Structures are given as structure tokens and as C-alpha cells.
Amino acid sequence: MTHLWVRAEQRENEERVGITPEGTKALLNAGIRVTVEKSSVRAIPLQGYIDAGCEIAEENAWPEAPEDAIIFGLKELPEDGTPLKHRHIMFGHAYKGQPSGRILLDRFKAGGGTLYDLEYLVDPSGRRVAAFGYWAGFAGAAVSLKCWTAQQKGDMCAPVGVFASKHALLAALETDLATYTPPSAIVIGALGRVGTGASDLCEALGVKVTKWDMAETASGGPFPEILEHDIFLNCILARPGTPVFVPKSALTDPRKLSVIGDIACDPDSDFSPIKVYDRTTTWEDPALRVATDPVLDVTAIDNLPSMLPVESSEDYAEQLLPSLLELKSLDQGVWGRARDTFEEHI
């Protein structure tokens, strides 16, 4: 019997989960065995999974799960170097030359396991079947606005945390912005999921948004218009051929730009379109100051949807469930394509 083991997340500030109790009930009805680990941080309570009929395991017990179990989580595993013997469904961040990704692949190679990377679950046309993009854009724009309002006070952005809902987040931002004329923002990738979320957040708060997508960036640059806005929100996934949106010269060029929200957040990729920074930021230190005269801060948090864990989990789980219902056919369809991608890189 196909056995899905839903692990607890072990990364700090990660409360999301990739399947809801209703989703596990659908899997059980389809003849798939489901085990859910207890979790001290998961935003969706355990009782719902118990009521659905799932088996319950102790938190972080997945290394001792049966070898035929498919381990399902979202973010990174502990970087302890242990060989990985199971089949894992997760975001691996391993296929673009990232140093940590190479280490992860070596662990799979050593243990004989397989990575089914959530980023590479695609339909026959190559489109992702599920993504957190909208909520990444929504939260990324929110943090960028927090950076901008902090600058108006001569400060840097304070630590950020979890919000109970998008309404609570918007209310907090309305308070932050109350005494200022809203800034201007430019969103690149505005027609995608991430860009839509970023644009929606800005527009809900009265921020004037310039929306660019492939047509506006087809020239390959340079793009001086970016420097004429207060905030730039990058919502384009780095890949070969992606233009440079912010060259290193922007640190000294005349500009209005004071905040870059790199929501796509891939600074250690050679294909990153933003060349003024080289590392991600954190919930505790959301902003990285890369210039002081005039000020320029970059925010690049790589688990932004976790700021709204309930809404982002429910949205993502609904998108992913049809694929999870196909787990009995791991060699075919979306799962077969993901396995092939893993084997190409291993």
C-alpha cells in the first residue's frame, strides 16, 4: 500500500503544511495510508488529522519511518549530513548550482533515496501544478513596505512574524503607513502568481504600482525605470537568460529606489537578476543595507508564505491534492517527470 508520511517542519519560523485534514481524508478514501507527525508549530491543529483517520507519529520521527514510506514536508531537512534512504517530497532548492543543494543531492546519492522536488512538479506543458507564489508575493510586498516605513523614521525594518490572517497583516500595515504619502512600486513578473500577490497587497494599501512582465523586459535591459520607483518587487524566478534588473552600479547611480524586495529570492544563483546583494535575509533581520547615500535596503526572505501559514497552507494544499491522489503511480505523470529531473541532476 502506498504510504504517505507527513513530517513536522524543523525549520525555524515554518508553520505551514502541504496537506489539510480534508486532503488526508481524500487520500485515505483512495486507499493511501497516511501518517501525520505531531508538531509543536504546525498552524493547522493535529486533531483534524486524527478525526480524518490518520495514523499519528511522534514529532521528527520520519528517519525511522518504514523504508517504503514517502516522506512529505515543505522546507529543508536538518543539515546533518545523514544519507537519505526514503523517497522525499519537499522543496529541495538543489538544481540551480546552490552549494547546499549539491550537499543535499549527495545525501540522496549516499542513501539511495529520491527527491520529488515540489518546485518541479509540472504538467506536460511545464507549468507547476501547485505553488505558494501568491502568498509569497503578498507577504514579500508587505515586508518591503515595512522596510520603507522604517526608513522614513531613520530606522531599519524590525523583526517580522506570523499573522493570523491577511486582514490582520493589512491592518498592521495601514497603521504603519498612516502618516506617510504612499510610496511608488514597480513589480516585475506582475502577471504571474507571485506578482499578482505583490500587486494586490500594494493596491490594497493605496500604493501606486507599475506592472511589468515579459513584454516590458524583453529588450534585456538596462532598465533605468526601476531606479525611479521607491520600491522594486522582483517576482521573476531566476533562470538562464533572465535579464539583470538591478546591476551593481545601482549602488552608486542616481536613484529614487530605496527598497528592493527580492521575493523570488535566489541570491546565490548565477542567474540572479539583482546584483547588489549576495545572501538571504531573515525574520529577525529582514533588511540588508547595501548602500547608505542614499539608503538602499534589500529584503529577501525565502519562506515568506509562512507569515500567513493558515491561508497559504490551505491554498497550496488544494492545488497539490490532485497530484497526491496519483501517488500510486509514482513512475508516471507529474511524479515521473519530477523523478526524471532528479535523476538528471543526481
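See the structure above.
As the structure is a computational prediction, the values presented were derived from the model and not from experiment.

Scoring rules and cut-offs
- Residues numbered from 1 in each chain as written.
- Predicted model: local features only at pLDDT ≥ 70, side-chain atom pairs only at ≥ 80, totals over all residues.
- Heavy atoms only, no water.
- 1 Å grid on protein atoms, 1.4 Å probe; cavity = no way out; pocket = protein on both sides within 12 Å on 5 of 7 lines; lining within 4 Å.
- Points joined across faces, edges and corners; volume = space filled by probe spheres on them.
- Nonpolar A, V, L, I, M, F, W, Y, C, P; charged D, E, K, R; others polar.
- Core = buried A, V, L, I, M, F, W, Y, C linked by side-chain atoms within 4.5 Å.
- Buried < 20%, exposed > 50% of the residue type's maximum accessible area, 1.4 Å probe, protein only.
- Helix = DSSP H or I, 4+ residues; strand = E, 2+ residues; numbered from the N terminus.
- Contact = heavy atoms within 4.5 Å.
- Phe/Tyr/Trp six-rings, centres within 6.5 Å; stacked < 30°, edge-to-face > 60°.
- Lys NZ or Arg CZ within 6 Å of the ring centre and 35° of its normal.
- Pairing = 2+ DSSP bridges.
- Axes fitted to C-alpha atoms, helices over the stretch in contact; angles between N-to-C directions.
- Expected span 1.5 Å × (residues − 1).
- Right-handed = clockwise from strand over helix to strand, strands pointing away.

### Thoughts on empty space enclosed by the protein
Phase 1: With the rule as written, the count across this model stands at 1 cavity of 30 Å³ or more.
Phase 2: In this structure, the largest cavity encloses a volume near 30 Å³.
Phase 3: What lines the largest cavity is Val6, Arg7, Glu9, Val17, Gly18, Phe72, Gly73 and Leu74.
Phase 4: Residue classes in the lining of the largest cavity are distributed as 4 nonpolar, 2 polar and 2 charged.

### Side note on the layout of surface pockets
Phase 1: As a volume, the second largest pocket reaches approximately 150 Å³.
Phase 2: Its residues assigned to classes, the lining of the second largest pocket comprises 2 nonpolar, 5 polar and 4 charged.

### Observations concerning the nonpolar core
Phase 1: Counting 38 residues, the largest nonpolar core has Leu201, Leu205, Leu233, Ile263 and Met307 as its most contacted members.
Phase 2: Only helix H4 (133-152), helix H5 (166-177), strand E7 (184-188), helix H6 (193-204) and strand E9 (231-234) provide two or more residues apiece to this core.
Phase 3: Broken down by element, this core gets its largest block of residues, 10 residues, from H4.
Phase 4: Filtering out sequence-adjacent residues up to four positions away, Leu233 remains in contact with Gly140, Ala141, Ser144, Ile186, Val187, Ile188, Ala198, Cys202, Gly261 and Ile263.
Phase 5: Listed in part, the 31 residues of the second largest apolar core include Val17, Val36, Ile44 and Ile89.

### Let's talk about the packing of aromatic side chains
Phase 1: For the structure shown, the criterion picks out 13 aromatic pairs.
Phase 2: Taken together, a centroid distance of 5.9 Å and an interplanar angle of 75° make the contact between Tyr116 and Trp335 edge-to-face. Here the residue Tyr116 occupies a position in strand E6 (residues 114-117), and Trp335 occupies one in helix H9 (residues 333-345), the gap between them amounting to 219 residues. The same class applies to Tyr116 and to Trp335, which are both buried.
Phase 3: Pairwise contacts between aromatic rings join Trp212, Phe223, Phe232 and Phe245 into one cluster.
Phase 4: Cation over ring: Arg16 sits above Phe132, and NZ or CZ is 4.3 Å from the ring centre.
Phase 5: A cation over an aromatic ring shows up here: Arg42 above the ring of Tyr49, its NZ or CZ 5.7 Å from the ring centre.

### Some words on the sheet that holds strand E11 (residues 288-292)
Phase 1: Strand order in the open sheet made by the 6 strands is E8-E7-E9-E10-E12-E11, with mixed pairing throughout. Whereas interior strands pair on both sides, the edge strands pair on one side only; in this sheet they are strand E8 (208-212) and E11. Ignoring strand direction, the axes of neighbouring strands in this sheet form an average angle of 15°.
Phase 2: Two strands pair when backbone bridges link them, and strand E10 (residues 259-262) and strand E12 (residues 295-299) are joined in this way by 3 bridges, in the parallel orientation.

### Brief notes about the sheet that holds strand E5 (residues 87-90)
To summarise the sheet geometry, strands pair through backbone hydrogen bonds and adopt either a parallel or an antiparallel arrangement.
Phase 1: Strand order in this open sheet of 6 strands is E3-E2-E1-E4-E5-E6, and the pairing throughout is parallel. Both edges of this open sheet fall to strand E3 (55-57) and E6, since each of them pairs with a single strand only. Averaged over all pairs of adjacent strands, the angle between their axes in this sheet comes to 25°, without regard to strand direction.
Phase 2: Examined bridge by bridge, strand E4 (residues 70-72) and E5 share 3 bridges and lie parallel to one another. Looking at E5, one finds that Phe72 is bridged to Ile89.

### So, H9
Phase 1: Spanning 13 residues, H9 covers 19 Å between terminal C-alpha atoms, matching the ideal 18 Å at 1.5 Å per step.
Phase 2: For H9, the set of buried residues is Val334, Trp335, Gly336, Ala338, Arg339, Thr341 and Phe342.
Phase 3: Each element contacted by the buried residues of H9 is listed here: E5, helix H3 (99-111), E6 and helix H8 (309-324).

### Section: the pairing of E5
Phase 1: Sheet topology places E5 next to E6; 4 bridges connect them, and they run parallel. The residue of E6 that forms the bridge with Met90 is Asp117.
Phase 2: In this region the chain leaves E5, passes through H3 and returns to the parallel neighbour E6; the handedness of that crossover is right-handed.

Limitation: the analysis is restricted to geometry and does not speak to function.
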